[in-house]
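Residue-level structural notes
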Amino acid sequence: TVNFDASHFNECDPPEIQGEDYGTNAERVRRCRLVGLPDLLQEDPFVRDQMVAFLQDLSDMGVAGLRLDVAKHMFPLDLDAILSRVTGLDYVFGEVPSYGGEVVLFEDYTPYFDVTEFRYKADLQNIFMGENRRLAELQNIGQSFGYVSTTEAVVFVDNHDTQRASDARLIFRA
């Protein structure tokens, strides 16, 4: 267990990320509470050391790759400072949804790790559902659609976030 105290968490006023922050304030998106969750102060040396120790333990147990959920809510340089100290990880990618009009961009993270490309699922759904798209467009889906470079993108059709979307019609069911 780690004994974090109040000094190890970010403080914002108001404490929660506001909807307009996504279009205007990258600092608040990365520093304030997401849906009420306390946000660790990752530039703090103690916090970094604890995160590195935890990730190194995972790597030492055989974990070779990581998916960083809500990476867009963390500062890229903090993530790099933490991940660069962990040995044995073969692959890391982060969830950095970007639909346009936002101040936190996937390009902020691609120097450090690959990122998720959420738009792939939406465009694929539109193509298969025939919404102003044709099946022939599948041969061009990717960077020609404005996506992250294919060497830096992780694409998917379904995940826990996309299933909850109000327009989720292309989903996996077991």
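Further up the page is the structure itself.
All of the points below concern the structure found in this document.

About the cut-offs
- Residues numbered from 1 in each chain as written.
- Predicted model: local features only at pLDDT ≥ 70, side-chain atom pairs only at ≥ 80, totals over all residues.
- Heavy atoms only, no water.
- Helix = DSSP H or I, 4+ residues; strand = E, 2+ residues; numbered from the N terminus.
- Buried < 20%, exposed > 50% of the residue type's maximum accessible area, 1.4 Å probe, protein only.
- Contact = heavy atoms within 4.5 Å.
- Areas by Shrake-Rupley, 256 points an atom, 1.4 Å probe, with all protein chains shown as cover.
- Phe/Tyr/Trp six-rings, centres within 6.5 Å; stacked < 30°, edge-to-face > 60°.
- Salt bridge = Lys/Arg side-chain N within 4 Å of Asp/Glu carboxyl O.
- Right-handed = clockwise from strand over helix to strand, strands pointing away.

Considering the overall build of the chain
In terms of regular secondary structure, the chain is built from five helices and four strands. Buried residues in the chain amount to 38% of all 174 residues. At a minimum sequence separation of 6, the contacts of the chain that also span at least 24 residues come to 63%. Entry remark: accessible area of the chain is about 10000 Å², with carbon and sulfur atoms responsible for 53%.

As for the packing of aromatic side chains
In this structure the tally under the stated criterion is five aromatic pairs. Judged by centre distance (5.9 Å) and plane angle (35°), the rings of Tyr91 and Phe93 are tilted. In this structure Tyr91 comes out as partly exposed when scored by relative accessible area, which is 36%. The exposure class assigned to Phe93 is buried, which follows from its relative accessible area of 16%.

A closer look at the pattern of salt bridges
Evaluated as defined, the whole model comprises 10 salt bridges. Across the pair Arg85 and Asp49 runs a salt bridge whose closest N-O atoms are separated by 2.9 Å. Residue Arg85 is found in the loop between helix H4 (76–83) and strand S2 (91–94), and its partner Asp49 is found in helix H3 (residues 45–60); the two are separated by 36 residues along the sequence. Exposure remark for Asp49: the relative accessible area of 37% places this residue in the partly exposed category. With a shortest N-O distance of 3.1 Å, Asp69 and Arg67 are connected by a salt bridge. Judged by relative accessible area, Arg67 falls into the partly exposed class, the value being 34%. Through salt bridges with shared partners, a single network forms among Glu27, Arg31 and Glu43.

Some thoughts on the pairing of strand S1 (residues 65–68)
Burial of S1 is one-sided: the residues Leu66 and Leu68 facing one way are buried, the residues Gly65 and Arg67 facing the other way are not. Viewed along the sheet, the connection from S1 through H4 into S2 turns out right-handed.

Remember that the coordinates give geometry; whether it matters functionally is a separate question.
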